[in-house]
Every structure is written in C-alpha cells, then in structure tokens.
Amino acid sequence: ASVAAWGQQGPAPDQLEVPSGVAVEDRGMVHVADSANHRVVARSAAGEVLAVWELTGHARGTTLHSPTRVATRGDRVYLADPAGDRVVVLRFESR
C-alpha cells in the first residue's frame, strides 16, 4: 500500500524521470536522485519541493550525469554519480 506519492513523469522541478535513489534526513527532508533529469530534488516530508540541484557544465566534474544513490549526514548530501565516475558532496543550507 502507498502512503504518499509525489510527482509525475517530466522535467519540471515537481516531476521526476527515473527516480533511482532516496534518502530521508532525521528532520524529515527527503532527497531523491532523479537520474534521467541529472539532478537531485529535496522535498519536505509533505512533498513540497525545497531545492533542486542540477550541476551542469562542460568541464569534467561540473555535471551530474545520472545520480543513482543518495545518502545524508548532517547538512551534507552524498550522491553516487557512476556515469561521472565520482561521488558528489553537496551542502544543504536551511532558509
């Protein structure tokens, strides 16, 4: 049974294309690796989009290729980006 479902297929911030990893912080924020859109979306426990991380660029190391796994610790978000051959560490700053 499903308790909640967020998003529909697409590229908009509240949509997902191939969600492939989820991490939930102690304070309830949910981070979703959206592989096909090459980004990570942070949502509140209620599903509201709080932040979207899209690293884009042409230099190696400046683009999220297809993040697949997410982990959190404190204010850090760790992303596995196998197509980019790396792990990316982001810092979430509360507003």
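Given the structure is predicted, the values throughout are model-derived calculations rather than measurements.

## Side note on unusual backbone geometry
Part 1: The phi dihedral of H38 falls on the positive side, at around 55°, and the residue is not glycine.
Part 2: With respect to the helices and strands, the residue H38 is situated in the loop between β2 (30–34) and β3 (39–43).
Part 3: Given the relative accessible area of 36%, H38 is considered partly exposed.

## Structural notes on the sheet that holds strand β6 (residues 76–81)
Part 1: Taken in spatial order, the three strands of this open sheet run β5-β6-β7, and their pairing is antiparallel. The sheet terminates laterally at β5 (69–73) and β7 (86–91), the two strands that pair on one side only. The mean angle between the axes of side-by-side strands here comes to 20°, regardless of whether they run parallel or antiparallel.
Part 2: Bridging between β5 and β6 involves five bridges; their strand directions are antiparallel.

## Comments concerning the environment of A46
Part 1: With respect to the helices and strands, the residue A46 is situated in the loop between β3 and β4 (49–53).
Part 2: For A46, a relative accessible area of 71% puts it in the exposed group.
Part 3: A46 sits 40 residues away from W6 along the chain, and the two C-alpha atoms are 9.2 Å apart.

## Quick look at the nonpolar core
Part 1: Membership of the largest hydrophobic core comes to 14 residues, with the highest contact counts inside it found for A42, W53, V70, V77, L79, L90 and F92.
Part 2: Beyond its immediate sequence surroundings of up to four residues, V70 is in contact with G21, V22, A23, H31, V32, A33, V77, Y78 and L79.

## Let's talk about a nonpolar patch on the surface
Part 1: Taken together, the side chains of Y78, V87 and V89 present a nonpolar region at the surface, about 260 Å² in accessible area.
Part 2: Note that Y78 resides in strand β6.

## Topic: the pattern of salt bridges
Part 1: If you walk through the whole model with that rule in mind, you get five salt bridges.
Part 2: Ionic pairing is found between D75 and R76, a salt bridge with its closest N-O pair at 3.1 Å.
Part 3: For D75, a relative accessible area of 26% puts it in the partly exposed group.
Part 4: If you follow the salt bridges from partner to partner, you end up with D75, R76 and R91 in one network.

The rules we used
- Residues numbered from 1 in each chain as written.
- Predicted model: local features only at pLDDT ≥ 70, side-chain atom pairs only at ≥ 80, totals over all residues.
- Heavy atoms only, no water.
- Helix = DSSP H or I, 4+ residues; strand = E, 2+ residues; numbered from the N terminus.
- Buried < 20%, exposed > 50% of the residue type's maximum accessible area, 1.4 Å probe, protein only.
- Pairing = 2+ DSSP bridges.
- Axes fitted to C-alpha atoms, helices over the stretch in contact; angles between N-to-C directions.
- Core = buried A, V, L, I, M, F, W, Y, C linked by side-chain atoms within 4.5 Å.
- Contact = heavy atoms within 4.5 Å.
- Patch = residues over 30% accessible without salt bridge, like charges linked within 9 Å, V, L, I, M, F, W, Y side chains within 5 Å.
- Areas by Shrake-Rupley, 256 points an atom, 1.4 Å probe, with all protein chains shown as cover.
- Salt bridge = Lys/Arg side-chain N within 4 Å of Asp/Glu carboxyl O.

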